[in-house]
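Topology and contacts: notes
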Amino acid sequence: MALIALDLTVNGKQTQVQVEEDKNLLYLIREVLGLKGAKEGCGEGDCGACTVILDGKAVNSCLVLAVQAQGKELVTIEGLGRPDNPHPLQRAFVEEGAIQCGYCTPGMILSAKALLDYNPSPTGSEIRTAMSGNLCRCTGYQKIIRAVQKASNSMAEGKEVL
Amino acid sequence: MGLKTVGQRVPRVDGLTKAVGQAVYAGDMEMPGMLYGKALRSAYAHAKILSIDTSSAEKIPGVHVVLTAKDIPGINKFGLAILDQPVLAADKVRMRGDAIALVAAESGDIAEEALQAIKVSYEELPGIYTIEAGLADNAPLIHEEMGTNLLQHTKVRKGNIQEGFARADVVVENTYYTQRAEHAYLEPETSLATIDVSGNVTIWTSTQYVFRDRRQIAPVLGIPTNRVRVIQAATGGAFGGKDDITTEIQAGLLALKTKRPVRVTWSRAESMVCSTKRHPMKIWCKTGATKDGRLVALEGTVYSDKGAYCSIGHFITKKAGLHLSGPYHIPHISVDTFAVYTNNTVSGPFRGFGILQSALAHESQMDMLAERLGMSPWEIRMLNA
């Protein structure tokens, strides 16, 4: 399969990559860029574990062709916080006990970030709608919703800076 | 006294690592020279294997090895409780998920191409898809050497069942059916196996029980247990579904044969077809109570659809029978359980271990008894708990 050269922004950094033209964005992220935070759960857009933010929108990276990322801005979980300086959403997920096995967590957090970037003070119902494409099987949905609410509140109070 | 941990909210020790995406699951691991392993799955639920031709697959550039049953150095069996499941089916397949051949290649795409190039000829056998068909006279045998499809029959006896029902003023009798269920953990099964210069095998895997894994891996690889090291990577959910061997032996065999690190990751579709499921059960229940609501007798039968292999399902089926009285005191009990092999996907552990299936039966019985007696569902439960 022919290699295609792409220019895109990865977590704020201008990046040039080459990828086979039939590969999906998740492959580009995990195998070419080596960013392992995005997970494959189903490979067909049902579970949301591979969610990343592309040009401000949460997408299932398994359903986007890698070549569609040309010229776009990609944010993965590695582009948020780090252990010594976590993003308010990451901190809230830990504090609210919204993490069990953790496999859905990067996708959950990125869906939540795409929501808060667009709507900083969502209602509970808006949070549920925005997170409806992300499955959790350890079943921590209530805590996940609470974590998003908590991050939204703390960011609104100005305690936290994005 | 102020305690730092007891009674306090404590964050998960691995919470932050997971929140920032740095937790390492087996599928996130890579090693120099790592190959990608994949398994060819049976096209039928029940069939004789007449021949397997791997010659075209072996010629594909990038394919390092193609293994079939004859290449296994040790025993070709595994199982959580009973060794009844082949690593690679040799003479026949017993369910759609049975693996027939393993491939290790330079990439997942090449491994997939090699699987397509393997030619297997089958002679389809009559399949058994229900408990009734499995127990029918002259039913085709799934494990011929057993002489029956009945894996296990257990009896629970307490008091005197005739005496119990003689004291009953009301009797409720019903049959309940529960469905097969997949755990659907978000992380599909994955293992990465390596072999060192001394022949020691190390396997990082998504599992629930490393010691039971190594006890099943070593005999297949034909090496002593102390030369197999199993390390649990961050595990993306399991719920009983990773109690059994999944990818561990496949990765181990391929590493042993190629002397290279090999990672085996099942697709979601593969996980659905191959991994253990919650046992479908057929539960008949007859419960007797006095007119003031006291339970006096329970008679029942529990039939479980084992699928093609035991896993630890003989115990799970027995446990469903042991719990058929629920959390209630019943003086006279007679329950029989039957674990039955079929050609469906193997059933195994799943949250509750057979107790959920029983709970549907005993709690439905309680509601119906309460209705018959004009009691509240709460009252009848408190009276008997």
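Description of the structure in this document. (Residues numbered from 1 in each chain as written. Chains lettered and ligands numbered in written order. Predicted model: local features only at pLDDT ≥ 70, side-chain atom pairs only at ≥ 80, totals over all residues.)

Along chain B, the regular secondary structure elements total 11 helices and 15 strands. With the C-alpha coordinates aligned to their principal axes, the bounding extent of chain B is approximately 75 × 70 × 35 Å. The buried share among the 385 residues of chain B stands at 51%. Relative to all contacts within chain B whose residues are 6 or more apart in sequence, the contacts with residues 24 or more apart total 79%. (Helix = DSSP H or I, 4+ residues; strand = E, 2+ residues; numbered from the N terminus. Buried ≥ 20, exposed ≤ 12 C-beta atoms within 10 Å, placed from the backbone. Contact = placed C-beta atoms within 7 Å.)

Right, let's get into the overall build of chain A. Of the regular secondary structure elements, chain A holds five helices and five strands. For chain A, the α and β elements follow one another from N to C terminus as β-β-α-β-β-β-α-α-α-α. With the principal axes as the frame, chain A shows a C-alpha extent of 50 × 30 × 25 Å. Here the contacts in chain A between residues at least 6 apart in sequence split such that 57% fall between residues at least 24 apart.

Looking now at the pairing of strand β13 (residues 281-289) of chain B. Residue and element names in this part refer to chain B. Where strand β8 (residues 170-177) meets β13, eight bridges bridge the pair, whose relative direction is antiparallel. Bridging from a neighbouring strand, N174 pairs with C285 of β13. The pairing of β13 with strand β14 (residues 295-307) spans nine bridges and is antiparallel. Opposite K282, over in β14, you have Y303 as the bridge partner. Connecting the antiparallel pair β13 and β14 is a turn made up of five residues, with G293 showing a positive phi of about 95°. (Pairing = 2+ DSSP bridges.)

Residue and element names in this part refer to chain B. Between its first and last C-alpha atoms helix α6 (residues 210-221) spans 16 Å; for 12 residues at 1.5 Å apiece the expected length is 16 Å, and the two agree. Listed in full, the buried residues belonging to α6 are D213, Q216, I217, A218, V220 and L221. Its buried side turned inward, α6 meets β10 (201-205), β11 (228-232) and α7 (248-258). G222 occupies a position one or two residues after α6 and carries a positive phi of about 70°. (Expected span 1.5 Å × (residues − 1).)

All names here are of chain A. It is at 11 Å that the axes of helix α3 (residues 105-118) and helix α5 (residues 141-156) come closest, and there the two elements cross at 40°. Classified by the angle their axes make, α3 and α5 are oblique. The two elements α3 and α5 meet at a crossing, and its hand is right-handed. Taken together, the residues of α5 that come into contact with α3 (itself represented by M108, A112 and L116) are I144, V148, A151, S152 and M155. (Axes fitted to C-alpha atoms, helices over the stretch in contact; angles between N-to-C directions. Parallel < 35°, antiparallel > 145°, perpendicular 65-115°, else oblique. Left-handed = near helix turned anticlockwise from the far one by under 90°.)

A few words now on unusual backbone geometry. All names here are of chain B. If you check the backbone angles, A184 has positive phi at about 55° while not being a glycine. With respect to the element layout, A184 can be found in the loop between β8 and β9 (190-195). Here A184 falls in the partly exposed class, since 19 other C-beta atoms lie within 10 Å of it. A positive phi angle, close to 50°, is found at S311, a residue other than glycine. On the basis of neighbour count, S311 is assigned to the buried category, with 27 C-beta atoms found within 10 Å.

So, about the interface of chain A and chain B. Every contact between the two is made by 29 residues of chain A and, on the other side, 22 residues of chain B. Elements supplying a minimum of two residues to the side of chain A that touches chain B: α2 (88-95) and α3 of chain A. The greatest single-element share of the side of chain A that touches chain B, amounting to four residues, is contributed by α2(A). Split into classes, the residues belonging to the side of chain A that touches chain B amount to 16 nonpolar, seven polar and six charged. (Nonpolar A, V, L, I, M, F, W, Y, C, P; charged D, E, K, R; others polar.)

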